[in-house]
Amino acid sequence: MKRTHNNWIDADWAAPAHVHAGTTTRSGGASPAPFNGFNLAGHVGDEAEAVAENRLQLRKQLNLPAEPLWLQQQHGNRVIKAETEQPGPADGAYTGTGGVVCAVQTADCIPLLLCNRDGTEIAALHIGWRGLCKRIIQRGLSMFNAAPHELSAWVGPHISQENYEVGADVVSACSSIWAETRLATTPGRAGHWYLDLGQLVKTDLLQLGVTDISDCKQCTCANKEMFYSYRRDGVTGRMASLIWME
């Protein structure tokens, strides 16, 4: 796991050097409890001034070329094209333009970052089980001119299987699309299972033709000091996973 600052983790993957990517942590920042400290979400009840200060700090710290494209995430499958669409209700952003910062916010869901081999196309996707079942990965890949086998994918921090207990409705929804769902579940309480969401994301990527997949293997729920977790805390902040090209 690469670190460049105490509140930033570099994506460890096979992207070209001019493609920058990674995720924030909750360290530092201006947000009071229960959002302490580096919350970047404006929709969770945090003080607006604190969120603004954290976003300013993020931009200065990473020397970002522009303000990130902050989306209104809906657990859906809409992916915007930054060149022609304004940020709004969506769960992903794609661009082929340098200087555009694609971003998704998470606190247990999976941030998936994508780029092509030449580093001329990038995307960021927010993936929970609903978006996954709505085939947001397929939608994201369709934005690229590059073929899936020419793409690299980075799976950012997310809730691990041992901390993600779900009901029969979730297992049924996933099983209707991926027969491999049974291999990504273990029994929990009666009528519940522990789901490996990351494994299903990687299964979907592989079936869609993406084979260069890197996983940071960090659990948001298990590491309270480093990450926000909605499943663990309920009222909490959000990390941001970013990707941009010089």
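Above this text you will find the structure in question.
Structural notes, computed from the coordinates. Keep in mind that what you see is a predicted model, and the values were worked out from it rather than measured.

The rules behind these values
- Residues numbered from 1 in each chain as written.
- Predicted model: local features only at pLDDT ≥ 70, side-chain atom pairs only at ≥ 80, totals over all residues.
- Heavy atoms only, no water.
- Phe/Tyr/Trp six-rings, centres within 6.5 Å; stacked < 30°, edge-to-face > 60°.
- Helix = DSSP H or I, 4+ residues; strand = E, 2+ residues; numbered from the N terminus.
- Buried < 20%, exposed > 50% of the residue type's maximum accessible area, 1.4 Å probe, protein only.
- Lys NZ or Arg CZ within 6 Å of the ring centre and 35° of its normal.
- Expected span 1.5 Å × (residues − 1).
- Arc of directions from axis to C-beta.
- Pairing = 2+ DSSP bridges.
- Axes fitted to C-alpha atoms, helices over the stretch in contact; angles between N-to-C directions.
- Contact = heavy atoms within 4.5 Å.

Re the packing of aromatic side chains
- One pass over the structure, following the stated rule, counts 2 aromatic pairs.
- Ring geometry for tyrosine 94 and phenylalanine 144: centres 5.1 Å apart, planes at 75 degrees, overall edge-to-face. Highlighted residues: tyrosine 94 in strand β5 (residues 92-95) and phenylalanine 144 in the loop between α3 (136-142) and β9 (151-155), separated in sequence by 50 residues.
- Taking the relative accessible area as the measure of exposure, phenylalanine 144 reaches 7% and is therefore buried.
- The ring centre of tryptophan 70 lies 4.2 Å from the NZ or CZ of arginine 55, which sits over that ring.

Observations concerning helix α1 (residues 48-62)
- A rise of 1.5 Å per residue sets the reference length of α1, with its 15 residues, at 21 Å; its end C-alpha atoms lie 21 Å apart and thus fit the reference within 8%.
- Turning to α1, its buried residues are Ala50, Val51, Asn54, Arg55, Leu58 and Leu62. Buried residues of α1, viewed axially, fall in a sector of 135 degrees; they line one side. Among the exposed residues of α1, those pointing more than 90 degrees away from its buried face are Ala48, Glu49 and Lys60.
- Downstream of α1 by one or two residues, asparagine 63 has phi in the positive range, about 50 degrees.

Quick word on the sheet that holds strand β4 (residues 79-81)
- Sheet architecture is open: 6 strands sit in the order β4-β5-β8-β7-β9-β13, paired in mixed fashion. Only two strands of the sheet have a single partner each, and these edge strands are β4 and β13 (212-215). Averaged over all adjacent pairs, the angle separating strand axes in this sheet is 20 degrees, with direction ignored.
- When strand β7 (residues 110-116) meets β9, the two strands line up antiparallel, connected through 5 bridges. Within β9, the position partnered with leucine 114 by the bridge is alanine 153.
- Each of β7, β8 (122-127), β9 and β13 is contacted by helix α5 (residues 197-208), which is oriented at about 25 degrees to β7, the strand it contacts most.

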